[in-house]
Amino acid sequence: PEGGGLVACAGWRPYPTGPELKSLYVAADFRRQGWGSRLVRFIERRAGCESGQQKLRAWSDSRFADSHQMYERLGYRRTGATRELHDQSATVEFEFVGGGGS
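As the structure is a computational prediction, the values presented were derived from the model and not from experiment. (Residues numbered from 1 in each chain as written. Predicted model: local features only at pLDDT ≥ 70, side-chain atom pairs only at ≥ 80, totals over all residues. Heavy atoms only, no water.)

1. What to know about the layout of surface pockets
Heads up, the condition is: Only protein atoms enter the 1 Å grid used here, on which a cavity is any set of points holding a 1.4 Å probe that cannot leave and a pocket is any open set flanked by protein within 12 Å on both sides along at least five of seven lines; residues with an atom within 4 Å of a point are listed as lining. Grid points are joined across faces, edges and corners, and a volume is the space filled by probe spheres set on the points. Secondary structure elements are taken from DSSP: a helix is a run of H or I of four residues or more, a strand is a run of E of two residues or more, and numbering for both begins at the N terminus. All amino acids are sorted into three groups, where Ala, Val, Leu, Ile, Met, Phe, Trp, Tyr, Cys and Pro are nonpolar, Asp, Glu, Lys and Arg are charged, and the leftover types, Gly among them, are polar.
When its volume is computed, the largest pocket comes out at roughly 860 Å³. Every residue lining the largest pocket is counted, 32 residues in all, and those nearest its centre are Leu 24, Tyr 25, Ser 60, Phe 64 and Ser 67. Mapped by element, the contributors of at least two residues to the lining of the largest pocket are strand S2 (20-26), helix H1 (35-46), strand S3 (56-61) and helix H2 (65-73). In the lining of the largest pocket, the residues fall into 13 nonpolar, 9 polar and 10 charged.

Laid out in structure tokens, this is it:
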């Protein structure tokens, strides 16, 4: 953005069940430009998922249809698992699993 600022961010954590993508966010003015996809692929490489041997887990707010489409374009599949965050927004998230061009 002009004058600086945050465009996109993401992180990941290793867990005994495999790595999990954490907090993928893209600023509204920069969505649909490939930032999210590039960050997911970067996290896959850093988490050791590029070989497809290890799968990356991601949780996405049930209201974020564009995010769901991005994960599916990247070869992720929705597992059917959900989790409730019990927050002020009554957030429910869907689980996606993929990585390494799966």
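The structure having been displayed, the exposition proceeds.
2. Regarding the nonpolar core
Here is the rule we go by: For the purposes of this section, nonpolar cores are sets of buried Ala, Val, Leu, Ile, Met, Phe, Trp, Tyr and Cys residues that join through side-chain atoms within 4.5 Å. Each residue is placed in one exposure class: buried if its accessible area under a 1.4 Å probe, protein chains only, is under 20% of its type's maximum, exposed if it is over 50%, and partly exposed if it falls in between.
The biggest cluster of nonpolar side chains holds 13 residues, and the ones touching the most others in it are Leu 21, Val 40, Leu 56, Tyr 71 and Tyr 76. Of all elements in the fold, only H1, S3, H2 and strand S5 (92-98) reach the threshold of two or more residues within this core.

3. Some words on the side chain of Glu 93
Using the following cut-off: Whenever two N or O atoms come within 3.5 Å, that pair is a polar contact, provided that in protein one can donate a hydrogen and the other can accept it, and provided that, for residues adjacent in sequence, both atoms are side-chain atoms. We call two residues contacting when some pair of their heavy atoms lies within 4.5 Å.
If you trace the backbone, Glu 93 turns up in strand S5. Overall, the relative accessible area of 11% leaves Glu 93 in the buried class. For Glu 93, the side chain forms a polar contact with the side chain of Arg 83, separated by 2.6 Å. Excluding residues within four positions of it along the chain, Glu 93 makes contact with Trp 59, Ser 60, Asp 61, Ser 62, Ala 81, Thr 82, Arg 83 and Leu 85.

4. Considerations on the environment of Gln 54
If you trace the backbone, Gln 54 turns up in the loop between H1 and S3. Within the local environment of Gln 54, its side chain forms a polar contact with the backbone oxygen of Ala 47, the two atoms lying 2.7 Å apart.

5. Considering the pairing of S3
Filter applied, for reference: A strand pair is defined by DSSP finding two or more bridges across the two strands.
Burial within S3 is extensive, with 5 of its 6 residues counted as buried. Sheet topology note: the S3/S5 ladder contains 6 bridges and is antiparallel. The residue of S5 that forms the bridge with Asp 61 is Glu 93.

Keep in mind these values describe shape, not function.
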